[in-house]
Amino acid sequence: MNIARVIVDLSLDRYFDYIIPEELIAEIKPGSQVLVPFGHSRRLGFVTALVETPDTANKLKQIAALPPNKTSIPEKLLRLSEWMAHYYCTSMECAVKTLLPGAVRKASIKEKMIKVFSLAEPQPEKALKTEKQRRVIQFLKDEKSAALKMIMTMTGCGASVVTRLVADGFLAVSEERSFRNPFTEEVMPDQPLPPTGEQQAALNQFDRMLSGEEKRRVMLLFGATNSGKTEVYLQAIAKVIAQGKAAIVLVPEIALTPQTVRRFRARFGDEVSVMHSRLSEAERFDQWTRMRRGEVKIAIGARSALFAPFDNLGLIIVDEEHEGSYKQSESPRYNARDVAVVRGKMENAIVILGSATPSIESFYNAESGKYLLCEMKSTAGSAVPPVMTVVDLRMGAEEYAGNSEKKEDGDPAGPYSKLFSPMLVNAIHERLAAREQTILFRNMRGFSREMRCEACGFVPGCPDCSVSYAYHRREGALICHMCGNTMPAPERCPQCGAEGIRYPGSGTEKIEAMAHLLFPNARIGRMDSDSMRGVDAHETMLNRMQRGEIDILIGTQMIAKGIHIPNITLVGVINADQGLYIEDFRAAERTFQLLTQVAGRAGRGDLPGEVIIQTFSPGNDAITLALKNDYRGFYQYDTAVRQLLNYPPFGHMIILHIRSEDEAVCRECALYCRHELESVLNDSVIVTDPLPSPVERIKGKFRYQIVIRGERLKRLREKLRSLALTRYPGAEIYVDADPQNLM
């Protein structure tokens, strides 16, 4: 009996067996999308295996049909989804769903077909009637075939001319598949650059991996900012393509995709495809289809590009591998960097993890010999590392531009507190005089972190979350950064009616306002998630910066990476302390990484760079070591602390989350989960009691968590997965394996 084991698009975490009809036996294989009868309806599903014996004694139904597009997932990707379902403690359906764009999974988009015209064979013996007809015939003699739009553009003839030629038998009409092209601009081809000594050393190591001489399949490319890692990526991909294999390039943010794609298209042309959430459903369908059919060899994109459906994968590159954005916040809560390593192992593909500030986990794997370590310490070309200086914000408060946080704007010396030190102000003036550019970094959007009444101390908080509202001056509103709730900013205190309102804390919007007051003739731009809402807003702003139309660019972490503009010679970090003292063992690591990355934007050309870091904690190790650009020193400092507490990379960490609209139900469910874990605990595992999460309530739901640390967690992981799939009345249970955020 020919039986297909099918997983349907319902979160049941189980398979169903179906008989394969005789007429479909040749077409159905593991990975095929099928339409099956399910209850009183039909549902889409994917075949995970072909078996001879069913799992049930019940009478089996037949597969109803194949969808029109006959979609299939590579079998190796199916195996990867099984691993993800178990490691990240989610259902199999959820893991399979992650592999596919929605338009592919739902079979909701059809291939785009266009009419193509060519010369009919044989040609009629009668003469052509007009000069326009003769132009069309001559064009198609040269081009062989073309779509109507192209014929009209190139010959200057209308559609009626082509229609008449078809009717008279001069032209034949056929249909061809047409792909919706997401690339809107032409790029000039380029050639490989002569590698530097360090680049060549890295490529030599890659050659050893490619030939099999080096058995390790993961390389950590530890390259300083502006050391030329991208050229190593490009030349490594060329070697893989020469062997007939495909490559995936992951970037941490969608905003970085256009500039990466542009550079790769310049080198590889039409071999490049792109996959990210800003594409239309139809464009994603076409890009995925081209990958699946082997019509392109390179997939570039953010997290989801990892699942590009290549059959013959040779290389996965994870650029800026340390970035937290590679971790998905919804189920399955996977880390694309770690899944890239697993996919590489399953498909015998090489994985390159690139970063100037590698994650502690990746560098630990390199130091222990699990990964191959390649270092690139020198900057490419004539650039030299920037000069870095720390300004102690605790000293000389009266000297700073701004000594008040009141609502009134006033003059440049009064309306804001400790934003610009005299050193930073003078440095910016020098850049403006020299027509050089400046970046100002502040990793908080909005105008201020809260609104506070001077009279009674009242701070408005979000009714649905355990956080205060942030003030956004442009909108004239208080906005919750957790759930998006909004209320108009009051003129008086809502509690006591007093007029004295303060806005403490400085976001990018306040920095921008202060910069306009201090530097009235400067052209100032801002990049954060509030100002970059348009599809092309990020790219437009960077293009303006590249053309020299902006003197000062203010932004959050989106300006800390991916910007290569030689005329940027100054980077100012407004306050390096933000995020340094939160309840998260990765806080110091993130601070070090951000400071190092944003500092790397200065002095990337012939002009020397300068970085000014303002801080209330000049003696903090993360800041002092970032000042020296001493990654290894920071690694030794941070791992010494982590080893004492058995934090990653010395042990695994998993957080079991519980959330509910009812706090009592949330607590009861958390206690139930803690009790259920008792049966699978061992001496190597540390499990906390259920406690409210650091942010106790988000979007109207109370949150509890149980933190688990240890080394041998396989049995525990299966129990956690079982709990996550449990339907507890009034509560939701989910698991975050290898969490990047403890809040």
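Chains are numbered independently. Their residues run from 1 in the order of the written sequence. For this predicted model, a pLDDT threshold of at least 70 governs which residues receive local features, and a threshold of 80 or more governs which side-chain atom pairs are given and counted, while totals over whole chains, interfaces and linings are taken from all residues. For the side-chain quantities, the full set of heavy atoms in the structure was used; hydrogens and water were omitted.

With reference to specific residues and values, describe the layout of surface pockets.
In the cavity and pocket records, a cavity denotes points on a 1 Å grid over the protein atoms alone where a 1.4 Å probe fits but cannot get out, a pocket denotes an open set with protein on both sides within 12 Å along at least 5 of 7 lines, and lining residues are residues with an atom within 4 Å of a point. Grid points are joined across faces, edges and corners, and a volume is the space filled by probe spheres set on the points. Considered as a void within the structure, the second largest pocket measures approximately 1100 Å³ in volume. Forming the boundary of the second largest pocket are 44 residues, of which Thr230, Arg263, Gly562, His564 and Arg604 lie nearest the centre. Of all the secondary-structure elements, those providing two or more residues to the lining of the second largest pocket are α8 (229-242), α9 (257-268) and α15 (537-546). Charged residues are taken to be Asp, Glu, Lys and Arg, nonpolar residues to be Ala, Val, Leu, Ile, Met, Phe, Trp, Tyr, Cys and Pro, and polar residues to be all remaining types, Gly included. A breakdown of the residues in the lining of the second largest pocket according to their chemical character gives 17 nonpolar, 17 polar and ten charged. Numbering of helices and strands runs from the N terminus; a helix is a DSSP stretch of H or I covering at least four residues, while a strand is a stretch of E covering at least two.

A description of the sheet that holds strand β9 (residues 218-223) should follow, citing residues and the corresponding values.
Strands qualify as paired when DSSP identifies two bridges or more between them. Judged by pairing direction, the sheet is parallel, and its seven strands sit side by side in the order β11-β12-β10-β13-β14-β9-β15 without closing on themselves. Single-partner strands in this sheet number two, and they are β11 (272-275) and β15 (372-376). Each neighbouring strand pair of the sheet contributes to a mean axis angle of 20°, computed without reference to strand direction. Examined bridge by bridge, β11 and strand β12 (residues 298-301) share four bridges and lie parallel to one another. Across the sheet, the residue bridging to Met275 is Gly301, located in β12. Contact definition: two residues touch when any of their heavy atoms are within 4.5 Å. Structural elements are reduced to axes, namely lines fitted to C-alpha atoms, with helices fitted over the stretch in contact, and the angle between N-to-C directions of any two is expressed from 0 to 180 degrees. In the packing of helix α11 (residues 336-347) onto the sheet, the strands contacted are β9, β10 (246-250), β13 (313-319) and β14 (350-355), and the crossing angle to β13 comes to about 165°. Together, β9, β14 and β15 form the strand contacts of helix α12 (residues 360-367), whose direction differs from that of β9 by roughly 115°.

Would you mind going over a negative patch on the surface in detail, with residue names and values included?
Residues Glu661, Asp662, Glu663, Glu668 and Glu696 make up a contiguous surface patch of negative charge. By the secondary structure assignment, Glu696 is in strand β29 (residues 691-698). Like-charged residues within 9 Å of one another, or nonpolar side chains (Val, Leu, Ile, Met, Phe, Trp, Tyr) within 5 Å, are grouped into patches, provided each residue has over 30% relative accessible area and no salt bridge. Accessible areas in this description were obtained via Shrake-Rupley with a 1.4 Å probe; residue shielding takes into account the shown protein chains only. Each salt bridge in this description consists of a side-chain nitrogen of Lys or Arg and a carboxyl oxygen of Asp or Glu lying within 4 Å of one another. Positive charges are assigned to Lys and Arg, negative charges to Asp and Glu, while His and the chain termini are left out of the count. Lysine's charge is taken at NZ, arginine's at CZ, aspartate's at CG and glutamate's at CD.

I'd like a rundown of unusual backbone geometry, residues and numbers included.
For the bond running from Ser331 to Pro332, omega is -5°, close enough to zero to count as cis. Within the secondary structure, Pro332 is located in the loop between β13 and α11. Each neighbour pair has its own omega, and for Pro648 with Pro649 the value is 15°, a cis peptide bond. Structurally, Pro649 is set in the loop between α18 (631-645) and β27 (652-660). Although it is not a glycine, Lys144 sits at a positive phi angle of roughly 75°.

So, the pairing of strand β30 (residues 701-710): which residues are in play, and what are the values?
A simple rule labels every residue: compare its accessible area, found with a 1.4 Å probe on the protein chains alone, to the largest value its type can have, and call it buried under 20%, exposed over 50%, or partly exposed in between. Among the ten residues that make up β30, eight are buried, leaving the element largely enclosed by the rest of the structure. Here two bridges tie strand β28 (residues 686-687) to β30, and the two strands are oriented antiparallel to one another. In the strand pairing of β30, Ile686 is matched with Arg709. For β29 and β30, the ladder comprises four bridges, and the chain directions are antiparallel. In the sheet register, Ile698 faces β30, and the bridge partner there is Lys701. With antiparallel pairing between neighbouring strands as the criterion, β29 and β30 make up a hairpin whose turn holds two residues, including Lys699 at a positive phi of roughly 55°.

So what's going on with the environment of Gly609? Residues and values would help.
Assignment of secondary structure puts Gly609 in the loop between α16 (587-599) and β26 (610-615). Since its relative accessible area comes to 8%, Gly609 is described here as buried. Along the sequence, Gly609 and Ala383 sit 226 residues apart, while their C-alpha atoms lie 8.9 Å from each other. Excluding its chain neighbours within four sequence positions, the residues that come into contact with Gly609 are Pro386, Val387, Thr569, Ala602 and Gly603.

I'd like a rundown of the state of the cysteines, residues and numbers included.
Any cysteine sulfur atom paired with another within 2.5 Å is treated as part of a disulfide. If you walk through the whole model with that rule in mind, you get zero disulfides. Distance from the sulfur of Cys462, which forms no disulfide, to the nearest cysteine sulfur (Cys483) is 3.6 Å. With a relative accessible area of 6%, Cys462 lands in the buried category. Here Cys673 stays unpaired: no disulfide links it, and the sulfur of Cys669, its closest cysteine neighbor, is 4.3 Å away.

Tell me about a nonpolar patch on the surface, and please be specific about residues and values.
Residues Tyr637, Val641, Leu644 and Leu645 make up a contiguous nonpolar surface patch of roughly 380 Å² in combined accessible area. Note on placement: Tyr637 falls in helix α18. Judged by relative accessible area, which is 30%, Tyr637 ranks as partly exposed.

Break down the sheet that holds strand β7 (residues 145-147) for me, citing the residues and quoting the values.
Think of a sheet as strands paired side by side through backbone hydrogen bonds, with each pair either parallel or antiparallel. With antiparallel pairing, the three strands of this open sheet are ordered in space as β7-β6-β8. Of all the strands in the sheet, the pair left with one neighbour each is β7 and β8 (171-178). Neighbour-to-neighbour, the strand axes of this sheet turn through a mean angle of 35°, independent of strand direction. Here strand β6 (residues 112-119) pairs with β7 via three bridges, running antiparallel. Directly across from Phe117, in β7, lies its bridge partner Ala146. Along the sheet face, helix α4 (residues 131-143) touches β6, β7 and β8 and points at about 105° away from the line of β6.

Could you give an account of the pattern of salt bridges, with specific residues and numbers?
One pass over the full model with this rule turns up 53 salt bridges. In this structure, the salt-bridge partner of Asp55 is Arg5, at a minimum N-O distance of 3.5 Å. In this pair, Asp55 sits in the loop between β4 (41-51) and β5 (61-62) while Arg5 sits in strand β1 (residues 3-8), placing the two residues 50 residues apart along the sequence. We classify Asp55 as exposed; its relative accessible area is 65%. Take Arg5: its relative accessible area is 15%, and that puts it in the buried class. In the salt-bridge network here, residues are joined through shared partners; they are Glu361, Arg586, Glu589, Asp638 and Arg642.

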